[in-house]
Every structure is written in structure tokens, then in C-alpha cells.
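Reading the structure
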Protein chains: 2
Amino acid sequence: MVKNKKAKGSGSERELFHMLWESSWACVRIAGSGSTSKPAPDLLAGNSNRKIAIECKALKGEKQYFEKKEIEELLEFSKIFGAEAWVGVRFDHLGWRFLLAENLVKTKGENFVASFDFLEKNGMKFEELIGKFKQERLI
Amino acid sequence: MVKNKKAKGSGSERELFHMLWESSWACVRIAGSGSTSKPAPDLLAGNSNRKIAIECKALKGEKQYFEKKEIEELLEFSKIFGAEAWVGVRFDHLGWRFLLAENLVKTKGENFVASFDFLEKNGMKFEELIGKFKQERLI
């Protein structure tokens, strides 16, 4: 079960990795993300204007939980590196939604949670995350 | 022999990774660097002012060779991501020397080479790479 979850996570990571490259962002997947002594996001992407660190999840249900430590480390890494800290959740049939990690809602247990409805209201779609809409408006 | 070289490379990567964190830079090691379809450096490090992509080597001899493709991909990645492109060579007993990838010298075979003497004259030590000396002068 845990193994399946991990495999699903890696698959969504790879998907986002390629979506970013196809949108002319450079992107790397981090070796040992979640298993080294130093904080690291799942993906780190950049272009000449912006750098974004992303923690990725894929799920079939309605809500995605994030561990307190995971989000704290994402925020810590991003602050030192000089990047925006984002979480990306891939909902089956509904696609990706992204939220600035600082806007996640805490659960009673001090972890974090994001439902699809919450992300639909407060988050961004991929094209918004990478600023495609903004660019199109400027052209 | 190839396996030994790779192990040595990974060790030097890890060493530099920790040197950067200890100097208050955030640093990540890239998953599948050298084996994915997209260009990626060995290490990617940043602080609030600068982002640096590094290709690392460790050797016992006097000269380090870099493949043409390796350097081209480092330059391509760095340009898209918005990072400085560096090579770092760790010489036994002499420590690290760093050079902007664009300053590497081409061999007749279109690859690149850097001798210790060349790096000693044209490259930087670790403290210079991360701008420690500059910061100290400013204080």
C-alpha cells in the first residue's frame, strides 16, 4: 500500500517535471527528497524570472494531507534557496491544483490539509502557476 | 573502473553538497543527473542573491576532462533555469577549484579539459565561489 502510494507520487512528479519543461521552464527532480538530512522539495523549477520549489501529491480522494515536517522543510528550503514554496496536488480526472505552502490550512493535529474545493477556490491551475495567462494578457 | 569513478564522483558531490549547506546556501543533488532526457547539473544551489548549477568531478591526476555534451547540457540548463554554470574539480590534497563553464578550454576532440595549473590561475576556491571573501570585505 505504501509502495503503491510512493509509485503514484513519483508518477505525478514525473508528469509535472515534463509539463514544466514543455512550458520552457527548467526543472529538476531531487535525489533523496524526503530521505536526506537536509530539506528538499520534490521538484525545483526556474526560468529567468522565477524559481519555484514544489511538493507534489497525487490522490484519488477529495482531501490531501501534508505532514507538518514536510511543509516546514519546504518553507525552510525555499527561504534559503530563494524560491517560491508551492504544493501541487493532482486530482484524478480534475488535474493539478497548486497552492502557496504558506496558505495551507492546519489540521487539529498540526498537520496540513487541502481539499479539492479549497484548492479550486484558493489555488491555481498549472497555466496560472507558470504565469501563462499573465503572459498572454501582456502580449 | 567505471564504477569506482562513479562512486568517487558521488562522494565529491556529497562533500560539496554539505560544504554549501554549511555556508548557508541551500543545495540539492539531482535525481538521474546524466541519465534523463533533460539536461541537469549534479548540484543546484542558491541563496537569496544567486543560483549556481555545478558539474562536479574528483580526480587524482593533473587534468580533468569534460565531455562536450555534458558541458553543453550544463550551459543549456543554466540558461533556461536562470543560474550561473560552474564546473567544480576536487584535486586530491589540493582541494576544490571552480571555473565558469564558459571559460573551459576545448580539446582537439571538441571535449573540454581543465588542468590544476589552469584552474589555479583562472578558477576560484570554494570561498571565492560562494562570495565569502566579497562579503567579508563589505562588512
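Structure: see above.
Per chain, the residues get numbers from 1 upward, laid out in the order the sequence is written. Numbering of ligands from 1 and lettering of chains from A proceed in the order in which they are written. It should be noted that, the model being predicted, local features are given only for residues of pLDDT at least 70 and side-chain atom pairs only at 80 or more, the latter also being counted only at that level, while totals for whole chains, interfaces and linings use all residues.

Our next topic: unusual backbone geometry. All names here are of chain A. In the Ramachandran plot, Ser24 falls in the positive-phi region, its phi being about 65 degrees despite a non-glycine side chain. Note on placement: Ser24 falls in the loop between helix 1 (2–22) and strand 1 (26–29). For the exposure call, what matters is how many other C-beta atoms sit within 10 Å of a residue's own: 20 or more marks it buried, 12 or fewer exposed, and in between partly exposed, using C-beta atoms placed from the backbone. Judged by the 9 C-beta atoms lying within 10 Å of it, Ser24 falls in the exposed class. What counts as a helix is a DSSP run of H or I of at least four residues, what counts as a strand is a run of E of at least two, and both are numbered from the N terminus.

For every residue pair, C-beta atoms are placed from the backbone, and the pair is scored as a contact if these atoms sit within 7 Å. Counting residues at the interface gives 19 residues for chain B, matched by 19 residues for chain A. At the level of elements, strand 1 (26–29), strand 2 (43–46) and helix 2 (68–81) of chain B are the ones that each hand at least two residues to the side of chain B that touches chain A. Think of it as three bins: nonpolar holds Ala, Val, Leu, Ile, Met, Phe, Trp, Tyr, Cys and Pro, charged holds Asp, Glu, Lys and Arg, and polar takes everything else, Gly as well. Grouping the constituent residues of the side of chain B that touches chain A by class yields 10 nonpolar, six polar and three charged.

Moving on, we get to helix 2 of chain B. The length a helix should cover is 1.5 Å for every residue beyond the first. Between its first and last C-alpha atoms helix 2 of chain B spans 20 Å; for 14 residues at 1.5 Å apiece the expected length is 20 Å, and the two agree. For helix 2 of chain B, the set of buried residues is Glu70(B), Leu74(B), Phe77(B), Ser78(B) and Phe81(B). Projected down its long axis, helix 2 of chain B carries its buried residues within an arc of 95 degrees, all on one side. In this structure, the buried side of helix 2 of chain B is in contact with strand 1 and strand 2 (43–46) of chain A together with strand 3 (51–59), strand 4 (63–66) and strand 5 (84–91) of chain B. Looking one or two residues past helix 2 of chain B, Gly82(B) carries a phi angle of roughly 90 degrees, positive in sign. Here, the arc refers to the directions that run from the helix axis to the C-beta atoms.

The next point concerns the sheet that holds strand 4 of chain B. Whenever strands of a sheet pair, they do so through backbone hydrogen bonds, lying parallel or antiparallel. The strand order 4-8-7 (chain B) describes an open sheet built from three strands, whose pairing is antiparallel. In this open sheet, the two strands that pair with only one neighbour each are strand 4 and strand 7 (105–106) of chain B. Criterion used throughout: strands pair if DSSP finds at least two bridges between them.

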